[in-house]
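Given next are the chains, with one letter for each unit.
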Amino acid sequence: MQVSALLAAARRVRLTGFSPARDALAGGYRSAYRGYGLEYEESREYAPGDDAAALDWKVTARLSRPFVKRFREERARTVMLAVDVSASMAAGTGPGDTAFAAALAAVILARSAAANRDRVGLVLFSDRVEAFVPPGKGPGQERGVAAVLAGAAPRGRGTDPRPALALVAAALAHRSPVFLVSDFAGADFAAALGSLAARHDVTAVVVGGAGQEFSPPRGILTVADVETGRRLTIDCAGQAARAKLAAVRREARQATLVALRRAGAGVVEIDPAAHPGPALAAHFRRRARPAGYASPDRRSTPHG
């Protein structure tokens, strides 16, 4: 996986309806995740009771009557990305593969946070913490995140999100957005993220696996768990057997999604065969719409 390929694919995303100066998903991201701080909005004429410290001296001098500055809340948060790099996620390293899709989704989120002047941090995990990028901001943070994702060489094969989520919790002093990117296979993610979701705004980005339909082939099917090495042989010669296996997969997928939502996480599903930008943008629009920040007719399209 190359850093340049990740960055180039991430830059293909634009959210129409927002200023061109805003980067990928930044408008919807700003609407969905508000934060701390003040930003100048306008000046208005002084009224009795206004704070004299807010006087806008330049406008007052120009118009010969007192004006005060008005401020609005500015986003200022730390955004944490936790990305699963266990063996089940390592099915390929190019476009259309699970690992690439997960990395691309994380880079898009990092770019959106950076465009919104947020600090961004990254944790890679398998059954242990594999890499940690401390939260930071600035022009190099996005490339640093992409470089760590592209160069991931995990030592563990299994999946245990608990150490990574504990590190995420330790890195955050205030309620903040947390994006957990994984296929959500091989571990009880819902139990692990419950306490984190109680304090932070957690979104589970489900990549492949749990989010894709499964059509078993005809004949004898031997499957292997890439994390444990356990093998299982299934007779899929009959239509009934194939339908039952597909149904089991669908039920497992739905059970995972329900458990994540019950644990307090938002859920967005990513298809590795498609660019993740539109799915992420739709997630932000759904979050923003109840608060009145986003219009229902806005669309997100990858371009390039």
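Provided above is the structure to which this section pertains.
## A closer look at the packing of helix H4 (residues 98–115) against helix H9 (residues 277–288)
So, point 1. Relative to each other, H4 and H9 sit at 50°, their axes nearing to 10 Å. As far as their axial angle goes, H9 and H4 are oblique. Crossing hand, H4 versus H9: right-handed. Between H4, through Ala 105, Ile 108 and Leu 109, and H9, the contact on the second element is made entirely by Gly 277, Leu 280 and Phe 284.
So, point 2. Here the residues of the contact of H4 with H9 sort into five nonpolar, one polar and no charged.

## Looking at the sheet that holds strand S11 (residues 266–270)
So, point 1. If you walk across this open sheet you meet the six strands as S6-S5-S4-S7-S8-S11, and the pairing is mixed. If you trace the sheet from one side to the other, it starts and ends with strand S6 (129–136) and S11, each paired once. Each adjacent strand pair in this sheet contributes to an overall mean axis angle of 15°, direction not counted.
So, point 2. Pairing of strand S4 (residues 78–84) with strand S5 (residues 119–125) involves seven bridges; the strand directions are parallel. Each residue of the ladder has a partner; that of Val 83, found in S5, is Leu 124.

## Comments concerning the pattern of salt bridges
So, point 1. Per the counting criterion, the structure on display carries nine salt bridges.
So, point 2. When the shortest N-O distance is used, the salt bridge between Arg 70 and Glu 42 registers 2.7 Å. Taken together, the residues span a long stretch of sequence, with Arg 70 in strand S3 (residues 67–73) and Glu 42 in strand S2 (residues 38–45) at a distance of 28 residues.
So, point 3. Using a relative accessible area of 37% as the deciding quantity, one classes Arg 70 as partly exposed.
So, point 4. A relative accessible area of 33% places Glu 42 in the partly exposed class.
So, point 5. Between Glu 45 and Arg 65 there is a salt bridge, with the nearest N and O atoms lying 3.2 Å from each other. Remark: Arg 65 occurs in the loop between helix H3 (57–63) and S3 and Glu 45 occurs in strand S2; sequence separation between them is 20 residues.
So, point 6. Salt bridges linked by common partners bring Arg 11, Arg 111 and Glu 142 together as one network.

Cut-offs used in this document
Counting of residues starts from 1 at the beginning of each chain's written sequence and follows it residue by residue. Where totals are concerned, whole chains, interfaces and linings use all residues; where local detail is concerned, this predicted model gives features only for residues with pLDDT of at least 70, and gives and counts side-chain atom pairs only at 80 or more. Side-chain figures throughout are based on the complete set of non-hydrogen atoms in the structure, without hydrogens or water. Here an axis means a line fitted to C-alpha atoms, over the contact stretch when the element is a helix, while the angle between two N-to-C directions is reported on a 0 to 180 degree scale. Working definition: helices are DSSP H or I runs of at least four residues, strands are E runs of at least two. Numbering for both runs from the N terminus. The cut-offs work like this: below 35 degrees is roughly parallel, past 145 is roughly antiparallel, 65 to 115 is roughly perpendicular, and the gaps in between are oblique. Here a crossing is taken to be left-handed if its near helix is turned anticlockwise relative to the far helix by less than a right angle, and right-handed if that turn runs clockwise. For this analysis, residues touch if any pair of their heavy atoms sits within 4.5 Å. Three classes are used, and their members are as follows: Ala, Val, Leu, Ile, Met, Phe, Trp, Tyr, Cys and Pro are nonpolar, Asp, Glu, Lys and Arg are charged, and the others, Gly among them, are polar. Between any two strands, pairing holds if DSSP finds at least two bridges. A pairing counts as a salt bridge when a side-chain nitrogen of Lys or Arg comes within 4 Å of a carboxyl oxygen of Asp or Glu. Working definition: with a 1.4 Å probe on protein chains only, accessible area under 20% of the residue-type maximum means buried, over 50% means exposed, and in between means partly exposed.

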